[in-house]
Amino acid sequence: LAEDGRSGTFVIGNEEFPASLLDLPAVVESFKTYDDSALVKTADIGQMIMVRDPGDPAPNTVEYRHGLTPPMKEARKRRFRREPDLNPELVQRVERDLLNILSGGTIGNVSLLKSDYWLN
C-alpha cells in the first residue's frame with residue numbers, strides 16, 4: 001500500500017499488478033441465500049479495488065464514475081441531483097429575514113421583497 005492509502009500492488013502467483021482503491025458512485029447491497037429461496041442481506045459495498053495491467057495509468061480520481069454494471073455508466077451524472085447554484089449572500093439575507101419574522105417582526109421590517117429572492 002502506498003502513502004495515499006488508495007494505491008498498491010496486487011500479487012497473484014509470481015505476477016504483480018498495480019491496484020487502486022476507488023469509491024463507488026452509490027452503495028451496492030450484497031445478498032446471500034441459504035435455501036435458494038430466501039435472500040439475506042450480507043453487506044453494503046461502497047468501494048472496490050481496481051486491478052490494472054502493468055502499463056495502464058492510475059485513475060486520477062478517487063471515485064469510479066461508472067459503478068459495477070453497464071446500466072450504471074455515468075451514474076453520478078445521470079441519476080443524482082446536481083448541486084444547486086446558490087448565491088451565499090442571498091442565503092444569508094433570506095436567513096436574516098426569516099429570523100426577523102420569527103422574532104416577532106412584521107413583513108414591513110423585511111429588507112427585501114419576495115420577488116427579489118427569485119431574481120437570481
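Within an unreviewed UniProt entry, the label attached to the protein reads TAFII55 protein conserved region domain-containing protein, and the organism entered is Brassica cretica. Its UniProt record gives the protein a comment under Sequence similarities (unreviewed entry), which states: "Belongs to the TAF7 family."

(A) Molecular detail of the pairing of strand 1 (residues 7–12). Sheet analysis places strand 1 next to strand 2 (residues 15–33), joined by six bridges and oriented antiparallel. Across the sheet, isoleucine 12 pairs through a bridge with glutamate 15, a residue of strand 2. Taking the residues between adjacent antiparallel strands as the criterion, strand 1 and strand 2 are bridged by two residues, where glycine 13 takes a positive phi near 65 degrees.

(B) Geometry of unusual backbone geometry. Of note in this structure, aspartate 36 is not a glycine but carries a positive phi near 60 degrees. The backbone phi angle of glutamate 74 is positive, close to 55 degrees, even though this residue is not glycine. Inspection of the secondary structure assignment puts glutamate 74 in the loop between strand 3 (39–51) and helix 1 (75–79).

(C) Highlighting the sheet that holds strand 1. If you walk across this open sheet you meet the three strands as 1-2-3, and the pairing is antiparallel. Both outer strands of the open sheet, strand 1 and strand 3, are each paired with one neighbouring strand and no more. Going across the sheet, the axis of each strand differs from the next one's by a mean of 55 degrees, ignoring polarity.

(D) Fine view of helix 2 (residues 88–102). The end-to-end C-alpha separation of helix 2 is 21 Å, in line with the 21 Å expected for 15 residues at 1.5 Å each. For helix 2, the N-terminal cap is asparagine 87; the gap from its side-chain oxygen to the backbone nitrogen of glutamate 89 is 3.2 Å. Trailing helix 2 by a residue or two, glycine 104 shows a phi angle of about 105 degrees, which is positive.

Reading the values: the criteria
- Residues numbered from 1 in each chain as written.
- Predicted model: local features only at pLDDT ≥ 70, side-chain atom pairs only at ≥ 80, totals over all residues.
- Heavy atoms only, no water.
- UniProt positions renumbered as here; feature names shortened; annotations may be inferred.
- Pairing = 2+ DSSP bridges.
- Helix = DSSP H or I, 4+ residues; strand = E, 2+ residues; numbered from the N terminus.
- Axes fitted to C-alpha atoms, helices over the stretch in contact; angles between N-to-C directions.
- Expected span 1.5 Å × (residues − 1).
- Polar contact = N/O pair within 3.5 Å; in protein donor to acceptor, adjacent residues only side chain to side chain.

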